[in-house]
Amino acid sequence: MANPKILVMPGSTREGSFNTQLANAAVRSIEACGGAATLVNLADYPMDFVDGGNSSGDMPSAVAELHAKFAAHDGILLITPEYNSFPSPLLLNALDWLSRVRHYEGGMDEVFGRPLYAVCAASPSPIGGYRALMALRQKLGIGLGATVIPAMAHIAAAYEAFDANGELKSDANKAMLDKVVNQLCARLGA
């Protein structure tokens, strides 16, 4: 496909979030490689925590809306903070809700089986969210049946990784992000 549609979703809604800054940098990189990026803010999709108590079977409207957004894209780039070596609870909760959509409403295949996934992280830690990315890869690949590209970006010392305009300062970090985006775009035919 000439212009793959790629959804970019940071797992943080905090103002000034390093991961939102990384998501914005990813959007620019996607557009530079010929893709069409859609930035999603999870604050626009309020969801209670999944607790298995939704016995009525009714899906919250925010879940249905987010499911439709995911299903409308060829690729998904998830960007997560690291919380004690794991992806953010906000991101994990959204993925858990998406996995509960029934097959006759689009189901898991539309959001996990068809789109191609990529993962990135920005963290103040010296290894830049690498542990969170490994956990996220496992959840996506083993738990949800998604295909995740090999490349991933993990931005260390995120508190000093971005300039005042939200651009990555280091050529190495730019190259790491571009590798992820270029691999995702290439596999989607851009």
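The structure under discussion appears in the preceding block.
From a predicted model like this one, the values you see are computed outputs, not experimental measurements.

**Topic: the overall build of the protein**
When helices and strands are tallied, the protein shows six helices and five strands. Of the regular secondary structure in the protein, the N- to C-terminal order runs β-α-β-α-β-α-α-β-α-β-α. Taking 2.2 N^0.38 as the reference for a compact globule, 190 residues should give roughly 16 Å; the C-alpha atoms of the protein span a radius of gyration of 16 Å, in line with that estimate. Overall, the protein is about 50 × 40 × 30 Å in size when its C-alpha atoms are taken along their principal axes. Every one of the 190 residues in the protein was classed for burial, and the buried ones make up 47%.

**Section: the packing of helix α2 (residues 61-71) against helix α3 (residues 89-99)**
Direction vectors running N to C along α2 and α3 enclose 90 degrees, while the axes themselves pass 10 Å from each other. The orientation of α2 relative to α3 falls into the category roughly perpendicular. Residue-level inspection shows V63, L66, H67 and F70 of α2 in contact with α3, the latter providing A94, W97 and L98. Residues belonging to the contact of α2 with α3 are distributed by class as follows: six nonpolar, one polar and no charged.

**Examining the pairing of strand β5 (residues 147-155)**
Here six bridges tie strand β4 (residues 116-122) to β5, and the two strands are oriented parallel to one another. Residue pairing for β5: A122 is matched across the bridge by I155.

**Examining the environment of A172**
By secondary structure assignment, the location of A172 is in helix α6 (residues 171-187). Residue classification places A172 among the exposed residues on the basis of a relative accessible area of 53%. For A172 and I155, which are 17 residues apart along the polypeptide, the C-alpha to C-alpha distance reads 9.6 Å.

**Section: the nonpolar core**
If you look at the biggest cluster of nonpolar residues, it comprises 30 residues, and the most contacted ones within it are L66, F70, L78 and L140. Looking at this core, the elements with two or more residues in it are β1 (5-10), α2, β3 (75-80), α3, α4 (107-113), β4, α5 (130-143) and β5. When residues of this core are assigned to their parent elements, the largest contribution, five residues, is made by α3. Setting aside anything within four residues of it in sequence, one finds L78 in contact with M9, F70, L91, L95, Y117, A118, V119, C120, L136 and L140. Within the second largest apolar cluster, 28 residues are counted, among which are I6, I30, I79 and L177.

**Observations concerning the environment of L140**
Within the secondary structure, L140 is located in helix α5. The spatial distance from the C-alpha of L140 to the C-alpha of F112 is 7.7 Å, given a sequence separation of 28 residues.

**Some details on the sheet that holds β1**
Ordered by their spatial adjacency, five strands build an open sheet running β2-β1-β3-β4-β5, and the pairing between neighbours is parallel. Edge positions in the sheet fall to β2 (36-39) and β5, since each of these pairs with one other strand and no more. Along the sheet, successive strands turn relative to each other by an average axial angle of 20 degrees, direction set aside. Lying over the sheet, α2 contacts β1, β2, β3 and β4, oriented at roughly 135 degrees with respect to β1.

**Regarding unusual backbone geometry**
Not every positive phi belongs to a glycine, and S85 is a case in point at roughly 75 degrees. Residue position: S85 is located in the loop between β3 and α3. Classification of S85 as partly exposed rests on a relative accessible area of 26%. Positive phi outside glycine occurs at A157, with the angle close to 45 degrees. You can see A157 is positioned in the loop between β5 and α6. By relative accessible area, which is 16% here, A157 ends up buried.

Reading the values: rules and limits
- Residues numbered from 1 in each chain as written.
- Predicted model: local features only at pLDDT ≥ 70, side-chain atom pairs only at ≥ 80, totals over all residues.
- Heavy atoms only, no water.
- Helix = DSSP H or I, 4+ residues; strand = E, 2+ residues; numbered from the N terminus.
- Rg over C-alpha atoms; globule rule 2.2 N^0.38 Å.
- Buried < 20%, exposed > 50% of the residue type's maximum accessible area, 1.4 Å probe, protein only.
- Axes fitted to C-alpha atoms, helices over the stretch in contact; angles between N-to-C directions.
- Parallel < 35°, antiparallel > 145°, perpendicular 65-115°, else oblique.
- Contact = heavy atoms within 4.5 Å.
- Nonpolar A, V, L, I, M, F, W, Y, C, P; charged D, E, K, R; others polar.
- Pairing = 2+ DSSP bridges.
- Core = buried A, V, L, I, M, F, W, Y, C linked by side-chain atoms within 4.5 Å.

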